[in-house]
Amino acid sequence: MPPLGFFPISILKPLKGLDFELEANLESYFNLVYPEYELLFALTSDSEPAYPVAKKLIEKYPHIKAKILVNPDQGSGNPKVSNLLKVYETATYDWVLISDSNVFMDRDYIKILTRSVDANTGVASAFIGGFESQGFFGNMEATFLNGFYSRWGLTALQVGIPCVVGKTMLFQRSVANRFGGIQSFTYHIAEDFMMGVAMGLLGKKVVIANNPVKQRVGIVTRKQFWDRHLRWGRLRKRQAPPAFFTEILFQPLTVSAFGSLFLMLQFGFHYLNSFLAFVCFFAVSDFAVMKTVNRSTSLKYLYYWLVRELAHYPLWIHIALGNTVNWRGQKYVIEIGGLVRTVND
Amino acid sequence: MFLADFHIHSKFSDGQMAIPEIVDFYGSRGFGAIAITDHLCELNTFIGTAARYLESTLTPAIFPFYIEMMKSEKQRAWDQYKMILITGVELSKNNILNSRSAHILGLGVTDWISADDDVADIARAIRAQGALAIAAHPVSTRKIEKQTYHLWDRREELTPMIDAWEVASGPFLFDEVADSKLPLIANSDLHRPSQIKAWKTVLDCERHEGAILEAIRKQKISFKMYEDDITNYGNNHHRRSTLLYRISPIITGNLGAA
Ligand SMILES: [Zn+2]
Ligand SMILES: [Zn+2]
């Protein structure tokens, strides 16, 4: 099917807190090369640190259609969805792009993204690439995004199962409204996953753009790193338990350990040698993936790769042990199927 | 007079077609009414848990999407084809024993019903919503597959709670049900386009959900074997996309929210 060509887009940006390089990230949206778009910033309060940043940029770029909408009514479900409801209703155009605050847009990104859209597309999304990471946990974060998540994302794409990533979701409101719009994701922790599922149930396609979107990682604390991956992991676990519980078997170090054991028992290979050969093979292939996502990935990431692979086991156990997550200062319980509710300590 | 089919599965459970595809499939064939009845399995049993992981059942997490999609497709089915689309579910109790297995259709159901209760309670819950409780394939389906005899075994007790019993499922007519003097209905139990060759119910009433449900209650209906050549339909696209849809969450999990 041929691409749809040009269509005007409302870009919805939920803002919360002060991300690394927020101003530069937001400014990148004012410099997009695209014939017609508007920017709608969603905030829960005008005392949010992002408010003055967005305001300043709107004044700096008067020729760009942009607006801030403050919506203090936040429900007890998915905070990102609650924050978005008002801008979603207010958007001028049928096509909306939900794009997270910590994303940096290359000037021609929308053009590239829309190229993958045709008449049968339900939602267009993109991988996340971790860029400009700093410090130990910043680099670990980039390795998690560009290694682990990209590895599984690319594998899924290869076998024909594209996964929607919430950092970038481009879709038509008129189509989403056929299953209740984004309001229907209010009590789902993974609005992106459900978007893909719902579009599939409608008989529509999920497409993934060729280029990853840039997330500027910056400095990440140990707690931020652990909390985020605990949250994403528990979300994977509750959304698709069989996938989560078998995932540990397909980790590079697990496969290396059992693969070399098999080679030793079956063919008498030297255990340690074949173990190292396995690990090298996985490191090189993951490094290739990381390099594809972010061209500036250097060899030092092999070290972070190894640490991350080792850290995956305690993290996996921690994920397995509970169903609650901390998200934006609030504690949530995730039910099977990804439904979420707040809990008070 | 118009043709109707009140037992159809979509991608929300184990059917091959998406709801909009089903609407177009039946609408373009001139049907006057259809009900989409996806499986809603017991969730507290081992088989139910497996069904949930295989995404072959409605769950509380996905049910609101089902209802919303049915609402919007209901309007389109009417505007485009003058066809009535009824929201249904197939409450499914699957046990290793056929004598403990039962499938009950709820035609016109819009609120969640748990399939974990006893069949009599399920039938009552369906009717409490103003919907019809239908005994799906209550006797041997004449196919090599899992059978569901529980409702038939308890038919004397359940008669007051069940609005109709399937006298035909797919291309097979059930003599024992036909001879039983119970209220009847005939449906496809369609999962794939090719299963359109099946017994159907014929109605002669106003094209309106209430009138249709009333015609079934009052048994102002007849049955017809529907022949249709669909060799060009049901191509590989359907088979492939359904399979992938079903295994996708198992393989990939989720890439995570922000
Ligand atoms: Zn059945
Ligand atoms: Zn059925």
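Residues numbered from 1 in each chain as written. Chains lettered and ligands numbered in written order. Predicted model: local features only at pLDDT ≥ 70, side-chain atom pairs only at ≥ 80, totals over all residues. Heavy atoms only, no water.

## Quick look at the domain arrangement of chain A
Residues and elements named next belong to chain A.
Inference 1: Each domain of chain A was delimited in the assignment, giving domain 1 (9-126 + 165-218) and domain 2 (235-342).
Inference 2: Inter-centroid distance (C-alpha atoms) of domain 1 to domain 2 is 29 Å.
Inference 3: Tallying the contact residues gives 13 residues for domain 1 and 14 residues for domain 2.
Inference 4: Together, the buried faces of domain 1 and domain 2 total about 1300 Å²; carbon and sulfur atoms form 70% of this surface.
Inference 5: In terms of surface lost to domain 2, no three residues of domain 1 exceed Pro79, Tyr187 and Ile189, which account for 44% of the buried area on that side.
Inference 6: In this structure, the connection of domain 1 to domain 2 is made through zero salt bridges.
Inference 7: Counting across the domain 1 and domain 2 interface gives two residue pairs in polar contact (both at pLDDT 80 or more).
Inference 8: Listed by contribution, the elements that provide at least two residues to the side of domain 1 that touches domain 2 are helix H3 (79-90) and helix H7 (191-201). (Domains from an automatic or database assignment. Contact = heavy atoms within 4.5 Å. Buried area = accessible area lost by both parts, 1.4 Å probe. Salt bridge = Lys/Arg side-chain N within 4 Å of Asp/Glu carboxyl O. Polar contact = N/O pair within 3.5 Å; in protein donor to acceptor, adjacent residues only side chain to side chain. Helix = DSSP H or I, 4+ residues; strand = E, 2+ residues; numbered from the N terminus.)

## Examining the confidence of the model for chain B
Residue and element names in this part refer to chain B.
Inference 1: Here chain B averages 88 in pLDDT, while 88% of its residues score no lower than 70.
Inference 2: Per-element confidence in chain B is highest for strand E5 (residues 132-135), whose mean pLDDT is 98, and lowest for helix H9 (residues 236-252), whose mean pLDDT is 37.
Inference 3: Note on residues 231-258: pLDDT under 50 across the span, and 78 contacts to partners over four residues away in sequence or across chains.
Inference 4: Two numbers describe this predicted complex: its pTM, 0.88, and its ipTM, 0.88. (pLDDT = per-residue confidence, 0-100.)

## Some points on the coordination of the zinc ion (ligand 2)
Residues and elements named next belong to chain B.
Inference 1: At this site the zinc ion (ligand 2) is bound by His7 (NE2), His9 (NE2), Glu90 (OE) and Asp189 (OD), with donor distances of 2.0 to 2.3 Å.
Inference 2: Taken together, the four donor atoms coordinating the zinc ion (ligand 2) span angles of 81 to 168 degrees at the metal, a pattern that classifies the geometry as irregular.
Inference 3: When the donor residues of the zinc ion (ligand 2) are listed from N- to C-terminus, their spacing reads H-x1-H-x80-E-x98-D.
Inference 4: Separating the zinc ion (ligand 2) from the zinc ion (ligand 1) is a distance of 3.3 Å, and Glu90 supplies a donor atom to each of them. Residue His7 is located in strand E1 (residues 2-8), and its partner Glu90 is located in strand E3 (residues 84-93); the two are separated by 83 residues in the primary sequence.
Inference 5: Take Glu90: its relative accessible area is 0%, and that puts it in the buried class. (Donors = N, O, S within 2.8 Å, 3.2 Å for Na, K, Ca; no water. Tetrahedral: all angles 85-135°; square planar, octahedral: opposite > 155°, others 65-115°. Buried < 20%, exposed > 50% of the residue type's maximum accessible area, 1.4 Å probe, protein only.)

## Examining the interface of chain A and chain B
Inference 1: Contact with chain A, which involves 45 residues of that partner, is made by 29 residues of chain B.
Inference 2: Of the roughly 3100 Å² buried between chain A and chain B, counting both surfaces, carbon and sulfur atoms make up 71%.
Inference 3: By the criterion of area lost to chain B, the three top residues of chain A are A:Ile161, A:Arg178 and A:Leu201, representing 22% of everything that side buries.
Inference 4: The interface formed by chain A and chain B holds one salt bridge in total.
Inference 5: Here B:Glu73 and A:Arg178 are joined by a salt bridge, their closest N and O atoms 2.7 Å apart.
Inference 6: Put simply, chain A and chain B have four residue pairs in polar contact (both at pLDDT 80 or more) between them.
Inference 7: Put simply, the parts of the chain that give the side of chain A that touches chain B at least two residues each are helix H5 (135-158), H7, helix H8 (222-239) and helix H9 (241-247) of chain A.
Inference 8: At eight residues, H7(A) tops the list of elements feeding residues into the side of chain A that touches chain B.
Inference 9: In terms of residue class, the side of chain A that touches chain B is made up of 27 nonpolar, 10 polar and eight charged. (Nonpolar A, V, L, I, M, F, W, Y, C, P; charged D, E, K, R; others polar.)

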